[in-house]
Amino acid sequence: MKTILFIIALFTANTLYAQTNAGLLWHPDSVYSKTLKEKRKIWVSMPEPGEDDAYGNQHYPVLYVLDGDMQLTLTAMVQQMEGGSGNLNFPKMIVVAVSTTANRNRDLTPTHSNGAPLQDSLSMASSGGGENFTTFLEKELMPHIDSIYPTAPYRVLFGHSFGGLFAINTLVHHSQLFNAYAAIEPSMWWDNQKLLKETKLALDDGKLKNIPLFLGIAHTQPAQMDTITAKKDNTTSTVHIRAIFQLRNYMAGRQSSSFSWKYYPDYNHGTVSTVAYYDALLSLFRFYSFDFPFPTFFGPSGSNSILTDRYKSLSRQMGYTVLPPPGFVSTLAHQLTGSKQWDRALELLTLNKDAHPENYLVYEELGDFYTKKGDKENAIAQYTIALKHKDSPKIKAKLEKLTK
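Quick summary incoming for the structure in this document. A quick note: this is a predicted structure, and the numbers were derived from the prediction, not measured.

Reading the values: the criteria
Residues numbered from 1 in each chain as written. Predicted model: local features only at pLDDT ≥ 70, side-chain atom pairs only at ≥ 80, totals over all residues. Heavy atoms only, no water. Helix = DSSP H or I, 4+ residues; strand = E, 2+ residues; numbered from the N terminus. Buried < 20%, exposed > 50% of the residue type's maximum accessible area, 1.4 Å probe, protein only. Contact = heavy atoms within 4.5 Å. Areas by Shrake-Rupley, 256 points an atom, 1.4 Å probe, with all protein chains shown as cover. Pairing = 2+ DSSP bridges. Right-handed = clockwise from strand over helix to strand, strands pointing away. Phe/Tyr/Trp six-rings, centres within 6.5 Å; stacked < 30°, edge-to-face > 60°. Lys NZ or Arg CZ within 6 Å of the ring centre and 35° of its normal. Expected span 1.5 Å × (residues − 1). 1 Å grid on protein atoms, 1.4 Å probe; cavity = no way out; pocket = protein on both sides within 12 Å on 5 of 7 lines; lining within 4 Å. Points joined across faces, edges and corners; volume = space filled by probe spheres on them. Nonpolar A, V, L, I, M, F, W, Y, C, P; charged D, E, K, R; others polar.

**Describing the overall build of the protein**
Now for step 1: Of the regular secondary structure elements, the protein holds 17 helices and eight strands.
Now for step 2: Here the protein, with 404 residues, has 52% of them falling under the buried criterion.
Now for step 3: In the protein, the share of contacts with a sequence separation of at least 24, taken over all contacts with a separation of at least 6, comes to 69%.
Now for step 4: Total accessible area computed for the protein in this model is approximately 18,700 Å², and 53% of it derives from carbon and sulfur atoms.

**Some thoughts on the pairing of strand S5 (residues 151–160)**
Consecutive side chains of a regular strand alternate in pointing toward one face of the sheet and then the other.
Now for step 1: The buried fraction of S5 is high, at eight of ten residues.
Now for step 2: The pairing of strand S3 (residues 60–66) with S5 spans five bridges and is classified as parallel. Looking at the pairing, Val62 lines up with Arg155 of S5.
Now for step 3: As paired elements, S5 and strand S6 (residues 180–184) share five bridges and run parallel to each other. Across the sheet, residue Gly159 finds its bridge partner in S6, namely Ala183.
Now for step 4: Once you follow S5 into helix H6 (residues 162–173) and on to S6, the crossover reads as right-handed.

**A closer look at the packing of aromatic side chains**
Here the distance between the centres and the angle between the planes together describe a pair of aromatic rings.
Now for step 1: By the definition in use, this model includes 24 aromatic pairs.
Now for step 2: Consider the rings of Phe133 and Phe166, whose centres lie 5.6 Å apart with planes at 75°: the pair is edge-to-face. Taken together, the residues span a long stretch of sequence, with Phe133 in helix H5 (residues 130–148) and Phe166 in helix H6 at a distance of 33 residues.
Now for step 3: Of the aromatic side chains, those joined through ring pairs into one cluster are Phe290, Phe292, Phe294, Phe297, Phe298 and Phe328.
Now for step 4: A cation over a ring is seen here: Arg310 above Tyr311, with NZ or CZ 4.9 Å from the ring centre.
Now for step 5: When the ring centre of Phe297 is taken as reference, the NZ or CZ atom of Arg344 above it lies at 4.5 Å.

**Details of unusual backbone geometry**
Now for step 1: Positive phi values are uncommon outside glycine, yet Asp67 reaches one of about 55°.
Now for step 2: Within the secondary structure layout, Asp67 lies in the loop between S3 and helix H2 (73–82).
Now for step 3: Phi angles above zero are rare outside glycine, and Ser161 is one such case at about 65°.
Now for step 4: Relative to the helices and strands, Ser161 resides in the loop between S5 and H6.

**A closer look at helix H13 (residues 326–338)**
Now for step 1: Look at H13: 18 Å from first C-alpha to last across 13 residues, which is about the 18 Å you get at 1.5 Å a residue.
Now for step 2: All buried positions along H13 are accounted for by Pro326, Gly327, Phe328, Val329, Ser330, Leu332, Ala333, Leu336 and Thr337.
Now for step 3: Packed against the buried residues of H13 are helix H11 (294–298), helix H12 (305–318), helix H14 (342–355) and helix H15 (360–373).
Now for step 4: In the segment just after H13, Lys340 is the residue with positive phi, at about 60°.

**A few points about empty space enclosed by the protein**
Now for step 1: Here the structure, examined in full by the defined rule, presents one cavity of 30 Å³ or more.
Now for step 2: In this model, the largest cavity occupies a volume close to 30 Å³.
Now for step 3: Together, Leu323, Pro324, Val329, Leu351, Asn352 and Ala355 line the largest cavity.
Now for step 4: The class makeup of the residues in the lining of the largest cavity is five nonpolar, one polar and no charged.

As structure tokens, this is what we get:
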């Protein structure tokens, strides 16, 4: 199963590469950083256009991924998950791929280290620039993204290897920057496991409560050595996986409700990221999935609260007002109108109007509703308001038919 999934991921990557060249998925961008004193390349992917875009005023959570130029498959994953009528199972998201490959040791390591068991001294020379890179993200990149793209106040950070180390450091020391984190194969051995010790202290102090984290662990111990043996082995060959399992133990002991992890025995450090990021998306947004009960909703005892209560719950979970997809709301209202559940249909159409008061479409839909109900006066009033927002021949024809 895992092999099949990885083949699918490789196929997706090839498809994505072609689409990227055609300019369909990724928008290349760059930000000059005064902090880093250099221009940094980024790629931004917007959700695929859908029926909700006709209503305008759509805002989306943002997924920031480190080593972004090597993780472009994430967009294909996100768009696959967010598809479907009503967008009820996964949030549409903006994906920001941040290039960190030019000087990864500098950008992604939180402290300077003169020596390490898995690095040579030359690569250590520029290490320890993680805090500067955090400042770049917080003070320069995020404001840039928020000023140009329709972002919602919900951010997720994904990182692999040194990127995973950076993600854990951000979680521990700058936890307010992101709402959820995924650390795949984080290099917790770095600098004599300094961050690992700091993570334990933060957990002991209760500072990381209810911040979602997904931890992915690959099979990096030597051949013929299982994970139990690796945790007892004290050689350089197992220092990486031992530190990650220690992080797992710390997190599982203090953060059971918001922490999830997975071990990948069939993948190594270099091949695990695509599969693990997919699992991370499923895990971190498992609260979002909703199997809408259509028969109950449209039945004689159905209630609009089935829909509205769900989005109130999502709003509490995500920390900002999450509105039902307007296209889906309109479809439900149309169906209720067809079965002459007038009050419920009007309640949903009013919900759309209150959420998008400057859009002509909500008034046209109200005009259609009143026309079907036989309320000519209110239908004329709504079509008239719609025309103030958009000069539409279609709406004019509807209005003229009522005023003859």
